[in-house]
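What follows is each chain in one-letter form.
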Amino acid sequence: MNQILYTNNQKRKGGPLELKTIFLIFAILCIVFGLILAGVAGFNMLKNKQGGQKLPIVEILQEGAVLNLNITHDKSIDKIVYSWNQNAETVLQGMGRTEIQETISLPKGTNNLVLKVTDINNKTTTYQNTYTLPDGDVTNPEIELLVEGSKIKIVAKDETELDYIIYYWNDEDETTVEVREDSLQQIEEKIDILKGENTLTIVAVDKAGNEATKEQVFKGVKKPKIELGKDGTNLVITVTDEEGLQKVEYTLNGTEYSTDPQNTGTPLNRKELKITQPLAQGENKITIKAYNISGLEAEVSGEATI
């Protein structure tokens, strides 16, 4: 019986101790959780503070004798200042832009560039790097393409001396044009535009081996064709186009005629149109204009006497 009473007393003592332990653990967990929350909040504040002080992003790509700058910032840029080897500074105005592309000429030899970007808050960030430009010609040729009617004019230029150009349509054979002795810095060549949509590729090479490539898609179309005929006292106008006619307009002795007098812009949806126009007694003057669906225009003028 004493043993039973002893055992019951132990159980009563153990109850309160276990509750205290639970409360203690719960309190510790609350404190730890609070510290974690405080830490996260502090981290977020620091992160936000750092995020509000973003630096300009400056990308510099060397191409031959020039450096191409690409500068972006989350704030408007006031100015860009650069110098070579800590010599005289050059200022480029930011004009409130957040994205700026500029070109800097690269001196011969090995030189140190110091570049400073200042934003509208007068915060200046400095970048510097070393660039090397070997002696000799390192500048690529320039290629320009000009459309002249149904032809393309290729113009290749170099600041020293060209060697040759190569051009080809799609995957066809190449055509090479060498530089002439009387025009060492420029090559010009005119070629026909192929019918349909085709890709023209041009490669220009100078005497130093520097190479430039240009690729462009052209859609070859021809102007409408206008033919005039006479049937007794009538003038017969025949207009044809490979792509399709948009409209035909003509003026006869001061009177204007059109297939689209209201200018609705609706195409004729045909590749050939024949118009029979009665002529007046005496001298008749006529001017015809034809437009195709690609926007090309043809014009013919004539006189007929009845």
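Here the structure is shown first, and the text comes after it.
Structural notes, computed from the coordinates. (Residues numbered from 1 in each chain as written. Predicted model: local features only at pLDDT ≥ 70, side-chain atom pairs only at ≥ 80, totals over all residues. Heavy atoms only, no water.)

In this structure the tally under the stated criterion is 2 aromatic pairs. Measuring from ring centre to ring centre gives 6.3 Å for Trp 169 and Phe 218, while their planes differ by 80 degrees; the resulting arrangement is edge-to-face. Of this pair, Trp 169 sits in strand β10 (residues 162–169) while Phe 218 sits in strand β14 (residues 211–220); the two residues are 49 residues apart in sequence, bridging distant segments of the chain. Taken as a pair, Trp 169 and Phe 218 share a single burial class, namely buried. Against the face of Tyr 291 rests Lys 247, its NZ or CZ located 5.4 Å from the ring centre. (Phe/Tyr/Trp six-rings, centres within 6.5 Å; stacked < 30°, edge-to-face > 60°. Helix = DSSP H or I, 4+ residues; strand = E, 2+ residues; numbered from the N terminus. Buried < 20%, exposed > 50% of the residue type's maximum accessible area, 1.4 Å probe, protein only. Lys NZ or Arg CZ within 6 Å of the ring centre and 35° of its normal.)

Where like charges cluster on the molecular surface, the negative patch consists of Asp 171, Glu 172, Asp 173 and Glu 174. With respect to the secondary-structure elements, Asp 171 resides in the loop between β10 and β11 (175–178). When its relative accessible area of 80% is taken as the criterion, Asp 171 is described as exposed. (Patch = residues over 30% accessible without salt bridge, like charges linked within 9 Å, V, L, I, M, F, W, Y side chains within 5 Å. Areas by Shrake-Rupley, 256 points an atom, 1.4 Å probe, with all protein chains shown as cover. Salt bridge = Lys/Arg side-chain N within 4 Å of Asp/Glu carboxyl O. Lys, Arg positive; Asp, Glu negative; His and termini not counted. Charge placed at Lys NZ, Arg CZ, Asp CG, Glu CD.)

Position of Asp 260 among the secondary structure elements: in the loop between β18 (255–258) and β19 (272–278). Within the buried set, Asp 260 has no salt-bridge partner at all; the shortest N-O distance to an opposite charge, 5.5 Å, is to Lys 247. Of the polar contacts made by the side chain of Asp 260, one reaches the side chain of Thr 264; its length is 3.0 Å. Other than its neighbours up to four places away in sequence, Asp 260 contacts Lys 247, Gly 265 and Thr 266. (Polar contact = N/O pair within 3.5 Å; in protein donor to acceptor, adjacent residues only side chain to side chain. Contact = heavy atoms within 4.5 Å.)

To continue, consider the pairing of strand β4 (residues 89–93). Pairing of strand β3 (residues 77–84) with β4, which is carried by 5 bridges, proceeds in the antiparallel orientation. Among the inter-strand pairings, Ile 80 is bridged to a residue of β4, identified as Leu 92. Between β3 and β4, which follow one another and run antiparallel, lie 4 residues, and Asn 85 among them has a positive phi close to 55 degrees. (Pairing = 2+ DSSP bridges.)

Only a minority of non-glycine residues have a phi that is not negative, and only a minority of peptide bonds are not trans. Of note in this structure, Gln 86 is not a glycine but carries a positive phi near 60 degrees. Take Gln 86: it is sitting in the loop between β3 and β4. By relative accessible area, which is 70% here, Gln 86 ends up exposed. One non-glycine residue, Asn 253, adopts positive backbone phi at about 50 degrees. Mapped onto the elements of the fold, Asn 253 is located in the loop between β17 (245–252) and β18.

Fair warning: the whole summary comes from geometry, so function is off the table for now.
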